[in-house]
There are 2 protein chains.
Amino acid sequence: MNRSWVPVPDGSDFPIHNLPYGVFSRPGEAPRVGVAIGDAVLDLSRLDLPAAGDFAADALNPFMSKGPAAWRAARTRITELLTDVTHRPALAPHLIPQTEVRMHLPFQVADYVDFYASENHATNLGRIFRPGQEPLTANWKHLPIGYHGRAGTVVVSGTPVVRPSGQYKQPDSAAPVFGPSRRLDIEAEIGFVVGTPSRLGHAVSAADFADHVFGVVLVNDWSARDIQAWEYVPLGPFLGKSFATSVSPWVVPLEALAQARVTPRQHPSPLPYLVDGRRWGLDLTMEVRLNGHLISRPPFGTAYWTPDQQLAHMTVNGASLRTGDLYASGTISGPRRDERGSLIELTWNGSEPLELSDGSRRTFLRDGDTVTISAATHLANGTSLGFGEVTGTIERTLAHPRGNPWTK
Amino acid sequence: MNRSWVPVPDGSDFPIHNLPYGVFSRPGEAPRVGVAIGDAVLDLSRLDLPAAGDFAADALNPFMSKGPAAWRAARTRITELLTDVTHRPALAPHLIPQTEVRMHLPFQVADYVDFYASENHATNLGRIFRPGQEPLTANWKHLPIGYHGRAGTVVVSGTPVVRPSGQYKQPDSAAPVFGPSRRLDIEAEIGFVVGTPSRLGHAVSAADFADHVFGVVLVNDWSARDIQAWEYVPLGPFLGKSFATSVSPWVVPLEALAQARVTPRQHPSPLPYLVDGRRWGLDLTMEVRLNGHLISRPPFGTAYWTPDQQLAHMTVNGASLRTGDLYASGTISGPRRDERGSLIELTWNGSEPLELSDGSRRTFLRDGDTVTISAATHLANGTSLGFGEVTGTIERTLAHPRGNPWTK
């Protein structure tokens, strides 16, 4: 494995074999594309690269739309520049400490789809929401269940999350009340970003996953469980999710993850268009921190459905892909209690409060709470890489613009 | 009421008090913005108008983003130009017969939401899908149920609709099969297009509807009922809908519809943020034609939830609006059988085939079938206007790219 002439601290998320892309700016400057290396950002807009114009953009979409040959060419060249020390004098002025930059939403989100890939998570939710019934619905092992979320409220890590208001129904009352959510939750997920579009009416095979998917981000799909529980029958989650979905600022190229691949077991064997897949399960361990306290380590490698299967499923009806489509795994939960990816699971619907290491307790999120999700993988060649983080802090609900009375 | 110096045939959808906006091109020319008047399109990109640059765009988004004062100013000026005959010599070169132009998707769709506003429709579907249970779910009269659809597969009228393939389960088998949908359906809906964006974390009041919503289109939300029935529990419709949603090419300005407003009755009274609304029910009658045969006349004025209530609900959790957001009413069905807005209702889940006026019968759509939806309103001042049409023809499913075997 090559090493970079840029110093990379031990345990850094961003060694030379990662090179994730993001969009950054310094005060008073326009956002542009860079890659992370160690503690620095390399400003790609100032380098003599193929597709250099794409790196002066304020989103990765132009570059991502170019397809896998362009992605490989850029990655190969950037790797050369950062490993061959003769390039140091030319590049040094364009290496900026990450502490000096602001990170932006890395891509314009076209459509956002959220899947439901973790069997442990789906089983936990089934037990909580539909007690006494089979926890997994009859379709669960036949298809990767998913639904469309709100693309316009996907925000970059660090964006404050305003506690949503909405309708919810308390168990002891017949009518709903309106007010700020009392059961605000997180969902720790991994997201996949589409680069290469596809044609309407043409399915994309699972085998073509790496030709279409550009890279991988961390996702926190904030969820208001009280709003969700009241609204979601029969057409699925809506306002319980649509107020905010946070993503990490760095998009890890798929190529960097090839050695992290795992193949989950599936029984019964799914239909042929899904059997094709299962090549892109990924051995990643996520870490969820609440106000700095580690509360869970969801293992992404335990997901039942893989992202190549999800891609094939999402398009098997002829739905087209656009550059910037984001699809997320759904909450990842491992079999152990301390591997669950949401508070509703970690506290079993609020009945078993979580004790933080400072002695405070939580069921759902309080105003001012900060949740940070990170992830790392140990690659087959013995190295590792990370994803940076996705973080957000809960803000108090703002007043309704017309001052409607509501039940607090 | 003024009259235009442009000849407008009796019964035209596009009299001077309509002036819908669309995006058109002639062969070899770039798409640009025009308004419909009678049988012509007035090319706005060639006129000396405020915001003229916005009309040289290939989508209405730049103009729509300017907000209601700009919309009123443009409409006032275009009305002057088309009613004062002294402008005729200057404008005549920019009036193009509609038969000579191709119409494009009129706006870039940001997020697409589909509601479920018709009580007759929701009741029919409840009876068909959940026999023996209360047809309306407990939440139905408390909130306008909705979900996000796929924005990237919203297509303009005339785009062929490829029959989707997918999983469905037959009643007599335990496992699903894969193949082309056998229960391909339509949904006759009215869609609302957002112009003015809103801030994340700030609810939009129903009273501010006309400050945010630019105009109205016809929507056919094509639906594969067999795929939908198998996939939709617990997270809602996904592939049964995401292959195509067709919209009409002309966006009727909200201002043109002010005299069509009606206020539906609602019991029980909804929560205060929804009581604010109900000012923008619209007295429109839709017509659905299958291969030219009139099969239904859904009355939009019977919808239970109104678009201003839907807007308030969609944002009450702080979700922001973007220019180009599209939200549709959901299938509109009146109380009479010949007012139902989908084939699953018109044929009662296929059990009562529809006899067309040529003697042929239908349950669901066959390859080659063409469905066309139109709508008109009779305004309080005694005039009327129309929406043009949204049409689409079913194409045979294409082969899967990798030739996967599947059960036909």
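Conventions and cut-offs
- Residues numbered from 1 in each chain as written.
- Chains lettered and ligands numbered in written order.
- Predicted model: local features only at pLDDT ≥ 70, side-chain atom pairs only at ≥ 80, totals over all residues.
- Heavy atoms only, no water.
- UniProt positions renumbered as here; feature names shortened; annotations may be inferred.
- Helix = DSSP H or I, 4+ residues; strand = E, 2+ residues; numbered from the N terminus.
- Contact = heavy atoms within 4.5 Å.
- Polar contact = N/O pair within 3.5 Å; in protein donor to acceptor, adjacent residues only side chain to side chain.
- Domains from an automatic or database assignment.
- Buried area = accessible area lost by both parts, 1.4 Å probe.
- pLDDT = per-residue confidence, 0-100.
- Least-squares fit on C-alpha atoms with pLDDT ≥ 70 in both.
- Salt bridge = Lys/Arg side-chain N within 4 Å of Asp/Glu carboxyl O.
- Buried < 20%, exposed > 50% of the residue type's maximum accessible area, 1.4 Å probe, protein only.

### A word on the UniProt feature "binding site: Mg(2+)" (unreviewed entry) in chain A
Residue and element names in this part refer to chain A.
No. 1: This chain's UniProt record puts "binding site: Mg(2+)" (unreviewed entry) on Asp221, Lys241 and Thr245. Separation in sequence by 25 residues is not matched in space for these annotated residues, since their most distant C-alpha atoms are only 7.6 Å apart.
No. 2: Tracing the backbone through its elements, the reader meets Asp221 in the loop between strand E14 (213-220) and strand E15 (223-224).
No. 3: Excluding its chain neighbours within four sequence positions, the residues that come into contact with Asp221 are Tyr112, Asp114, Tyr147, Ile186, Glu187, Glu189, Lys241 and Thr245.
No. 4: In this structure the side chain of Asp221 is engaged in a polar contact, spanning 3.3 Å, whose partner is the side chain of Tyr112.

### Some remarks on the domain arrangement of chain A
Interfaces are often sized by the accessible area lost when the parts come together.
All names here are of chain A.
No. 1: Assigned domains of chain A: these are domain 1 (21-103) and domain 2 (112-395).
No. 2: A separation of 29 Å is found between the C-alpha centroids of domain 1 and domain 2.
No. 3: Counting from both sides, the interface comprises 17 residues of domain 1 and, opposite them, 19 residues of domain 2.
No. 4: Surface buried jointly by domain 1 and domain 2 totals about 1,400 Å² across both partners, of which 71% is contributed by carbon and sulfur atoms.

### Looking at the confidence of the model for chain A
Low pLDDT means the predicted atomic positions in that stretch should not be read closely.
No. 1: Taken as a whole, chain A shows an average pLDDT of 95; of its residues, 97% reach a score of 70 or greater.
No. 2: The low-confidence segment residues 402-408 of chain A (pLDDT under 50) makes 19 contacts with residues lying over four places distant or belonging to another chain.

### Here's the deal with the relation of the copies chain A and chain B
No. 1: When chain A is fitted onto chain B, the two copies agree to an RMSD of 0.0 Å after a turn of 180 degrees and an axial shift of 0.0 Å. The superposition of one copy onto the other is thereby described by a two-fold rotation axis. Nearest to the rotation axis, the C-alpha of A:Gly236 is located 2.0 Å from it, this being the minimum over chain A.
No. 2: A symmetric contact is evident, with 100% of the interface residues of chain A recurring at the interface of chain B.

### Concerning the pattern of salt bridges
No. 1: Enumeration according to the criterion identifies 41 salt bridges over all chains in this entry.
No. 2: In this structure, the salt-bridge partner of B:Asp325 is A:Arg150, at a minimum N-O distance of 3.0 Å. Of this pair, B:Asp325 sits in the loop between helix H9 (307-315) and strand E22 (326-328) while A:Arg150 sits in the loop between strand E7 (146-149) and strand E8 (154-156), which puts the two residues in different chains.
No. 3: Here B:Asp111 makes a salt bridge to B:Arg322, at a shortest N to O gap of 3.1 Å. Placement of the pair is B:Asp111 in the loop between strand E5 (102-104) and strand E6 (112-115) and B:Arg322 in the loop between H9 and E22, with a sequence separation of 211 residues.
No. 4: B:Asp111 sits in the buried class, given a relative accessible area of 2%.
No. 5: Bridged by salt links that share partners, the residues A:Arg26, A:Glu29, A:Arg32, A:Asp43 and A:Arg46 form one connected network.

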